[in-house]
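For reference, the chains in residue letters:
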Amino acid sequence: MLDSGTPLEPAVLITIIGETVLKDRIVKLLKSHNVSGYTISQVQGEGGHGRRLADLSGYNTNIEIKTIVSLEVSDAILDALKQEQGKHALIAFRHNIEAFY
């Protein structure tokens, strides 16, 4: 249970899953919107773009990036990510959350 002195704020959790080659572009995008932090994980799976095995470093691999932002910032980030749609394996989604950060 949270301490009563720790307020939760409405926020948006963005999850981005895409090819590892997009990492630098996505991080640059996040920083351009003054995102204060993010988490990057190597992931594997299968979807509309085929199977991603994470078999060789940097080849046929995916990353997952998560960050917590405001609704307005999430709109801007998701709009910018749509420009990569069709060029690379990429999916992004968001959840409304409450957080302290």
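Residue numbers run consecutively from 1 along every chain, following the written order of its sequence. Side-chain atom pairs in this predicted model are given and counted only at pLDDT of 80 or more, local residue features only at pLDDT of at least 70, and totals for whole chains, interfaces and linings cover all residues. Hydrogens and waters are ignored; side-chain quantities use all the structure's heavy atoms.

J.: Talk me through the side chain of E64; I want residue IDs and the actual numbers.
T.: Comment: elements are numbered from the N terminus, with helices defined as DSSP H or I runs of at least four residues and strands as E runs of at least two. Among the secondary structure elements, E64 is positioned in strand β5 (residues 62-69). Buried charge without a salt bridge: E64, with K66 as the nearest opposite-charge side chain at an N-O distance of 4.1 Å. When neighbours within four sequence positions are excluded, E64 is seen to be in contact with T15, I16, I17, T39, I40, S41 and V43. Relative accessibility decides the category of a residue: with a 1.4 Å probe and only protein chains considered, values under 20% of the type maximum give buried, values over 50% give exposed, and everything between is partly exposed. Residues scored as charged are limited to Lys and Arg (positive) and Asp and Glu (negative), so that His and the chain ends carry no count. Basic side-chain nitrogens of Lys or Arg form a salt bridge, by our definition, when they fall within 4 Å of a carboxyl oxygen of Asp or Glu. Residue contacts are defined here by distance: any two heavy atoms, one from each residue, within 4.5 Å place the two residues in contact.

J.: Give me the nonpolar core: which residues, what numbers.
T.: In this structure, I14, I16, I26, I77 and L81 are the most contacted members of the largest nonpolar core, which totals 15 residues. Sorting the residues of this core by element identifies β1 (9-19), α1 (23-32), β5 and α2 (71-81) as the ones contributing at least two each. Among all residues touching I16, those that are not within four sequence positions of it are I26, I63, E64, I65, L81, L90, I91 and A92. Throughout this description, the term nonpolar core refers to a set of buried Ala, Val, Leu, Ile, Met, Phe, Trp, Tyr and Cys residues connected via side-chain atoms within 4.5 Å.

J.: Kindly report on α1, identifying the contributing residues and their values.
T.: For α1, every residue scored as buried is listed here: I26, V27, L29 and L30. The buried side chains of α1 occupy one side of the element, clustering within an arc of 160° when seen end-on. Turned more than 90 degrees away from the buried face of α1 sit D24, K28 and K31, all of them exposed. Those residues of α1 hidden inside the fold are in contact with β1, β2 (39-43), β5, α2 and β6 (90-99). Where α1 ends, the next residue or the one after it, N34, has phi of about 55°, a positive value. In this description, the arc belongs to the directions extending from the helix axis to the C-beta atoms.

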